[in-house]
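Structure assessment
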Amino acid sequence: MKKLVIFDLDGTLLYTLEDLHASTNFALESEGLPARSLDEVRRFVGNGIRKLIERAVPQGTAPELTDRVFAVFVRHYDANCMVLTRPYPGIPELLMRLKEQGAKLGLVSNKADEPAKALIAHYFPGVFDSVVGERENVRKKPAPDSVLETVRSLGCTIEDAVYVGDSDVDGRTAVNAGCDCVLVSWGFRGRETLEPFGCPIADSAQELLNILTEEKP
């Protein structure tokens, strides 16, 4: 088993889509813009909240209007990020099993750093050794910067680490960081998006645990 398991957050550990959808539409409607469906927001997430809003506003929206929508989204989501959000089935138990077996746990997300830390502290208190979200002047995934930072801060090498995510962004992040990768099919993208990476794909938390610990079902 790898010494360090680094997780993505949205679509991997937590089902956050409905709260992201609600805050997106609240922000759009605050400026009289048309709402987006849940499936549209599902397609828009993965590259950070600024990119989510840029994709959600109508094509050709003026930058200053996009800025206002983004500001409303940030305020609303910060206050409402735990309304409908919940861990995926088996995830709390998976994390505790990994800890019991001596693994260090890290999180690298394109979610803003403050909400990422708040969500982890609320749903998985005391479990993670490092939590890193989107920050100014640090490249977002699929750039490897935050993964490499996590590896260094926890006293590991990239060969010690495996990255777990649910999207093509996560697959590319692992490739760019030079670490092993496991992808999960229950998130925001689906198996057909993940298969080209050629890495193991888990369909359940138990299957993910078996892959990470190299145990037979």
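Here the structure is a predicted model, which is why all the values come from computation and not from measurement. (Residues numbered from 1 in each chain as written. Predicted model: local features only at pLDDT ≥ 70, side-chain atom pairs only at ≥ 80, totals over all residues. Heavy atoms only, no water.)

Description of empty space enclosed by the protein
Note the cut-off: Think of a 1 Å grid over the protein atoms and nothing else: a 1.4 Å probe that fits but is trapped marks a cavity, an open set flanked by protein within 12 Å on at least five of seven lines marks a pocket, and residues with an atom within 4 Å of a point count as lining. Grid points are joined across faces, edges and corners, and a volume is the space filled by probe spheres set on the points. Only runs of H or I of at least four residues qualify as helices and only runs of E of at least two qualify as strands under DSSP, and these elements are numbered from the N terminus. When residues are grouped by polarity, Ala, Val, Leu, Ile, Met, Phe, Trp, Tyr, Cys and Pro land in nonpolar, Asp, Glu, Lys and Arg in charged, and all others, Gly among them, in polar.
All chains considered together, the criterion is met by 3 cavities of 30 Å³ or more. One number sums up the size of the largest cavity: a volume of about 220 Å³. As for the largest cavity, its lining consists of 19 residues, and the residues nearest its centre are Asp10, Val45, Gly46, Asn47 and Asn110. For the lining of the largest cavity, the leading source of residues is strand S4 (residues 104-112), giving 3 residues. Looking at the lining of the largest cavity residue by residue, the class counts come to 6 nonpolar, 6 polar and 7 charged. In this structure, the second largest cavity spans a volume of roughly 50 Å³. In this structure, the second largest cavity is lined by Val108, Ser109, Asn110, Gly133, Glu134, Arg135, Val138, Arg139, Lys140, Lys141 and Ser146. Looking at the lining of the second largest cavity, the elements that each hand over two or more residues are S4 and strand S5 (130-134). Per-element accounting of the lining of the second largest cavity gives the leading share, 3 residues, to S4.

Notes on unusual backbone geometry
Defined as follows: Only protein chains enter the accessibility calculation, which uses a 1.4 Å probe. A residue is then buried if its area is under 20% of the maximum for its type, exposed if over 50%, and partly exposed in between.
Cis rather than trans, the peptide bond between Lys141 and Pro142 has omega equal to 15°. Along the chain, Pro142 turns up in the loop between S5 and helix H7 (145-153). Not every positive phi belongs to a glycine, and Asn137 is a case in point at roughly 70°. Structurally, the position occupied by Asn137 is in the loop between S5 and H7. Since its relative accessible area comes to 83%, Asn137 is described here as exposed.

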